[in-house]
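Take a look at the letters that make up each chain.
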Amino acid sequence: MGAPPMGGPGAPPMGGPPMGPPGGGPPQMAAQSNLPPPPMKSASPAFPGTGMGAAANNEPPAAFGAAANVPRQTPGVYSSPMDNSSMPGAAMPGMPGMPGQQQQSGQDAYSAQFLKDVDTFNSPAHFVRCSVSRLPNSLSAKQRLSIPLGVVLQPLAPLPPDIEPVPSVNFGVVGTIVRCKQCRTYVNPFVQWEANGRRWNCNLCGFSQLTPDPYYASLDESGKRMDRFQRAELHKGAVEYIAPGEYMVRPPQPPVFMFVIDVSYTSVVTGLLQTVVTSIVEAIQSGKIPGGQRVQVGIITFDTSLHFYNLNSNLSQPQMLVVSDLDDLFLPLPDDILVPLAESEAAIVNLLESLPGTFGETKVNESCLGSAVRGAFMAMKHIGGKLLVFGACIPSVGELALKSTRDNPRLLGTDREVELLRPAGNDGYKELGKELTPAQISVELFLAPQAYMDLASICPLAKFTGGDVHYYPQFNINTCFEKFKSELVHVLTRYMGWEAVMRIRVSRGWKITKFDGHLFIRGQDLLVVPNCHQDQTFAIQIDMEENVTPDPVLYVQSALLYTNSEGERRIRVHTWAAMTTPNFNDIIGSIDVQASAVMMSHQALDQSLKTNQTDGRNKLSSFCQQVVQAGNLCPQSDALQFLPLYIMGMLKSAAFRATNDISADLRTYIWMRLETMSVSQSAAFFNPRLMALHSSPEECRMPNDHGQIQLPEMLNLTSESMTQDGVYLLEDGESMYMWIGRAVDSNFLQAVFGMGSFDQLDVLAAESVVGTRNDPLSEKVGNIIRQVRSERPTPFLQLQIMRQGEPKEAKFFAALIEDRTVGMQSTYTEFLQRMGYRSPQATPPQQGGMPQMPPPGPAGMMGGPGGPPMNRGY
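Described in the following lines is the structure provided in the data block. The model shown is predicted, which means the values in this text are computed figures rather than measured ones.

**Notes on the packing of aromatic side chains**
Logical step 1: Summed over the entire model, instances satisfying the criterion amount to 23 aromatic pairs.
Logical step 2: Here the aromatic rings of Phe-257 and Trp-498 are separated by 5.6 Å at their centres, their planes lie at 80°, and the arrangement is edge-to-face. Of this pair, Phe-257 sits in strand β10 (residues 256–262) while Trp-498 sits in strand β18 (residues 496–506), placing them 241 residues apart in sequence.
Logical step 3: Residue class for Phe-257 comes out buried when judged on its relative accessible area of 1%.

Here it is, written out as structure tokens:
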């Protein structure tokens, strides 16, 4: 059998604008992600404020919600309006069944123009990515498609280099934001104008309505508004509206950070308490916490009791108040638990710096984490905010206590492992999260245990409040300090919004069948996210309505209503459009490989948790078989050649592989991460980057005009890409590994690590000196590592150095997915053959020929025989 097709020499198709430079390196979208978007000052100071009440039954302002007369489907299915009285674009020529139908040439001309408009007006790919950019126009066409249909949204994503900020739009002169009176869609570049601009048709539901007089403008000869390029909302798919008064129901919520810190014996002796304190103090003193004078801070510590602190700036030192009765929690003082940071910074810093000494001799080694969250809830429910919980051991006393005896390593890697990955008992932490969400409280978990902690039971507290989970197993201050500090400071200083709600609408003939991400769904389709931020990613799975012919274009619009840290109510709106088609090859040619992989992973996660992991893996294998079969029919499709590699990467990853070396807590953490990862990070997790450091070109040493470092060429993920005299860097979006071959040049070791030979190399010491020596080669290696980290602002990519022959190198080789690995004893070639791949007969050689096979790795290198070289999919 011939070798499998290995795709073209560029990046995998994404069905939309390119995400990065062709031929190498991941998308550059994260290079500036440590910088918040430029502040957008309100042009109308009459509209400060915010819009979500604290009561559980409060709804968002009526101006944000869907109109009451929009038809709904049964609960659990999220539908778009079904009114067929008016089609959007009713006068568009060339569309089947529409007035003005012309010959095929007219259709082609319209399609070409519309596709040009899509490229110009769609929300950019760093905000919105769909698994395909040409969708099936019928159920029969959809049934032939082998990948899930879905859209991945990162509404507040950091901007790639040289991309202009999202424009602010103020409708103060108009009186209110122009929206469809039926389905509440925001006016956008794709609405249709008629009657010389006096009326407009909603592009999602087709409803025809009058244009408000203050918003009127005449049309040009093509039916477009004369002023469309003077109004951002009419030529930009991503805009941010300054929300007027009807989008607010209470005064602006200030940024609030409540720190709930474990002070048990484990927290003290591992250095977790010291690390937490140092990190918070650094963030405060940096002046980068957004919100300025408005920021409020509170501190609670806990072991088997709760310790509240009076942080009133008039006290000579903070006052501790202990509540030890966990069955009858109460607030020991009505005020001064939450205080303005600007007024009480000295008291807050002094208290934090005193905590390691105060609890330095503790012998208490139990935790009442559940009760601590309840106490923090009582202290901040009147205002809401960010609740950061730091835990070092399993909650064993107080509310929602858990049992360490639940851990059962014998189940790992079996069909019963899923029992350890579901919450224990009555799902108590999820229910607690449901109490916090209406009060606009989001929980961020920083868990650093030495043993089993039952993350499966605790993590719903973060998931259903829009928070994230940060996990540091076997935490030790000497090895984990930099990673922990970097991630905590990032959480405190990134661009974020408060008391947010989001709605996502799709056009007629389509429905949203599922929302993925960390959020709470109120009612049928209102997504509640108490604290939104730049790293937050959501996804929707979409399907066709039954017995409804979809419109010729699918439109998706998301609207995130939030309060920024300056107290301004904003609405971040993203509009995205894609044409439908009956042509299977057009659909296949529009596949976004990485977005499709994300949607597949979400479905496999759902299946794994619902039944068991074998069923989840079978779902991925089924996807792959269908993709390979479609590739047999369409051998020229690059997308169908790249997708199987990503699916094999999923099956071999720690998220899905059937091995007993992944603890239940670690597997839970990985699943939580995958639910909120950006597309580029998910892609790297399943299909890591491998590059050679020892032979990296001189261009990698100095930054270019934009401050970017050119990364070395990406290598195939097989040991055949490696030699024993090489040094290789591997990055998977979570960690970085540097592998050093036994025959490495001693000059490289001396220049980069200050050590003269392979045997003298101390890897722990080496990790701390990389990039710090005054040597051009050391500078180049350090710059490459810094560039990779700049592209992945979170989590912090901790560098682990390993020498050839050490047990630690098993982690490195497990990521070489084109070889046989611990996750699956198949090379990429063998995997494709098992999935049904057929070698095309007499396929003409591609221009330039196939890449040359690298020489086999020297004796002693791990990895089985791989397939032909493949250019990396970025």
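**Points about the environment of Leu-777**
Logical step 1: When you line up the elements, Leu-777 lands in helix α20 (residues 776–791).
Logical step 2: If we ignore the near neighbours within four places in the chain, the residues touching Leu-777 are Phe-748, Ala-751 and Val-752.

**Concerning the pattern of salt bridges**
Logical step 1: Using the criterion set out here, one finds 36 salt bridges in the structure.
Logical step 2: Among the salt bridges present, the one from Lys-236 reaches Glu-164, with a minimum N-O distance of 2.5 Å. Placement of Lys-236 in the loop between β8 (208–210) and β9 (238–242) and of Glu-164 in the loop between β4 (150–153) and β5 (168–169) is noted, with a sequence separation of 72 residues between them.
Logical step 3: We note a salt bridge from Arg-803 to Glu-806, for which the minimum N-O separation is 3.1 Å.
Logical step 4: Taking the relative accessible area as the measure of exposure, Arg-803 reaches 17% and is therefore buried.
Logical step 5: Among the residues examined, Glu-806 registers a relative accessible area of 18% and is labelled buried.
Logical step 6: Here the salt bridges share partners, and the residues they tie into one network are Arg-225, Asp-227, Arg-231 and Glu-233.

**Looking at the sheet that holds strand β25 (residues 689–692)**
Logical step 1: Ordered in space as β25-β26-β27-β28, the 4 strands form an open sheet in which the pairing is mixed. Because the sheet does not close on itself, it has two edges, and the strands there are β25 and β28 (798–803). For this sheet, the mean inter-axis angle between neighbouring strands, taken without regard to orientation, is 20°.
Logical step 2: Pairing of strand β27 (residues 735–740) with β28 involves 6 bridges; the strand directions are parallel. When the sheet's bridge partners are listed, Met-738 is paired in β28 with Ile-801.

**As for helix α18 (residues 746–753)**
Logical step 1: Burial in α18 covers these residues: Phe-748, Leu-749, Ala-751, Val-752 and Phe-753.
Logical step 2: Where α18 is buried, its residues meet β26 (727–731), β27, α19 (763–769), α20 and β28.
Logical step 3: Measuring from the backbone nitrogen of Asn-747 back to the side-chain oxygen at the start of α18 gives 2.8 Å, which picks out Asp-745 as the cap.
Logical step 4: Once α18 finishes, Gly-754 follows within two positions and takes phi at roughly 75°, a positive value.

**Some points on the packing of helix α6 (residues 369–380) against helix α8 (residues 428–436)**
Logical step 1: Put simply, α6 and α8 touch, their axes get as near as 11 Å, and they point 10° apart. With respect to α8, the element α6 is oriented roughly parallel. Facing Leu-369, Gly-370, Val-373, Arg-374 and Phe-377 of α6, the residues of α8 in contact are Tyr-429, Leu-432, Glu-435 and Leu-436.
Logical step 2: Of the residues belonging to the contact of α6 with α8, the class tally is 6 nonpolar, 1 polar and 2 charged.

**Observations concerning the pairing of strand β11 (residues 296–302)**
Logical step 1: Counted residue by residue, β11 has 7 buried out of 7 residues, so it is predominantly covered.
Logical step 2: The alternating pattern of β11 places Gln-296, Gly-298, Ile-300 and Phe-302 and Val-297, Ile-299 and Thr-301 on opposite faces, both of which are buried.
Logical step 3: Summarising the sheet, β10 and β11 pair through 7 bridges and their orientation is parallel. Of the residues in β11, the one forming a bridge with Val-260 is Ile-300.
Logical step 4: Relative to strand β14 (residues 339–340), β11 runs antiparallel, the two sharing 2 bridges. Of the residues in β14, the one forming a bridge with Gln-296 is Pro-340.
Logical step 5: Examined bridge by bridge, β11 and strand β12 (residues 306–310) share 3 bridges and lie antiparallel to one another. Bridge assignment links Ile-300 to a residue of β12, and that residue is Phe-308.
Logical step 6: Connecting β11 to the antiparallel partner β12 that follows it, the hairpin turn spans 3 residues.

**Digging into the nonpolar core**
Logical step 1: Ranked by size, the top nonpolar core spans 146 residues in total, and within it Met-258, Leu-387 and Phe-812 carry the most contacts.
Logical step 2: With 10 residues, helix α15 (residues 638–652) is the single largest residue contributor to this core.
Logical step 3: Once residues lying within four places of it in the same chain are set aside, the contact partners of Met-258 are Gly-298, Ile-299, Ile-300, Ile-337, Leu-338, Ala-376, Ala-379, Met-380, Lys-386, Leu-387 and Leu-388.

**Considerations on the sheet that holds strand β6 (residues 192–194)**
Logical step 1: Pairing is antiparallel across the open sheet formed by 3 strands, whose spatial order is β6-β7-β8. Strands at the two margins of the open sheet, each flanked by one partner only, are β6 and β8. Averaged over all adjacent pairs, the angle separating strand axes in this sheet is 30°, with direction ignored.
Logical step 2: By the bridge criterion, 3 bridges tie strand β7 (residues 199–201) to β8 in an arrangement that is antiparallel. Note that in β8 the partner of Trp-200 across the bridge is Gln-209.

Calculation criteria
Here the residue numbering is sequential within each chain, running from 1 through the sequence in written order. Reporting of local features is limited, given that this is a predicted model, to residues whose pLDDT is at least 70; pairs of side-chain atoms are given and counted only at 80 or more, and all residues count toward the totals for whole chains, interfaces and linings. Computation of side-chain values covers all heavy atoms of the structure but excludes hydrogens and water. Each Phe, Tyr or Trp ring (for Trp, its six-membered ring) is paired with any other whose centre lies within 6.5 Å, and the angle between the two planes then decides the class: stacked below 30 degrees, edge-to-face above 60, tilted in between. Comment: elements are numbered from the N terminus, with helices defined as DSSP H or I runs of at least four residues and strands as E runs of at least two. Each residue is placed in one exposure class: buried if its accessible area under a 1.4 Å probe, protein chains only, is under 20% of its type's maximum, exposed if it is over 50%, and partly exposed if it falls in between. Residue contacts are defined here by distance: any two heavy atoms, one from each residue, within 4.5 Å place the two residues in contact. Salt bridges are identified by distance alone: a Lys or Arg side-chain nitrogen within 4 Å of an Asp or Glu carboxyl oxygen. Whether two strands pair depends on DSSP finding at least two bridges between them. Angles here are taken between N-to-C directions and fall from 0 to 180 degrees, while the axes themselves are lines fitted to C-alpha atoms, restricted in helices to the stretch in contact. Polar contacts here mean pairs of N or O atoms no more than 3.5 Å apart (in protein, one a potential hydrogen donor and the other a potential acceptor; neighbouring residues in sequence count only if both atoms are side-chain atoms). Note that the term roughly parallel is reserved for angles under 35 degrees, roughly antiparallel for angles over 145, roughly perpendicular for angles of 65 to 115, and oblique for everything else. Lys, Arg, Asp and Glu make up the charged group, whereas Ala, Val, Leu, Ile, Met, Phe, Trp, Tyr, Cys and Pro make up the nonpolar group; the residues left over, Gly among them, are polar. Only buried residues count toward a nonpolar core, which is a set of Ala, Val, Leu, Ile, Met, Phe, Trp, Tyr and Cys residues joined through side-chain atoms within 4.5 Å.

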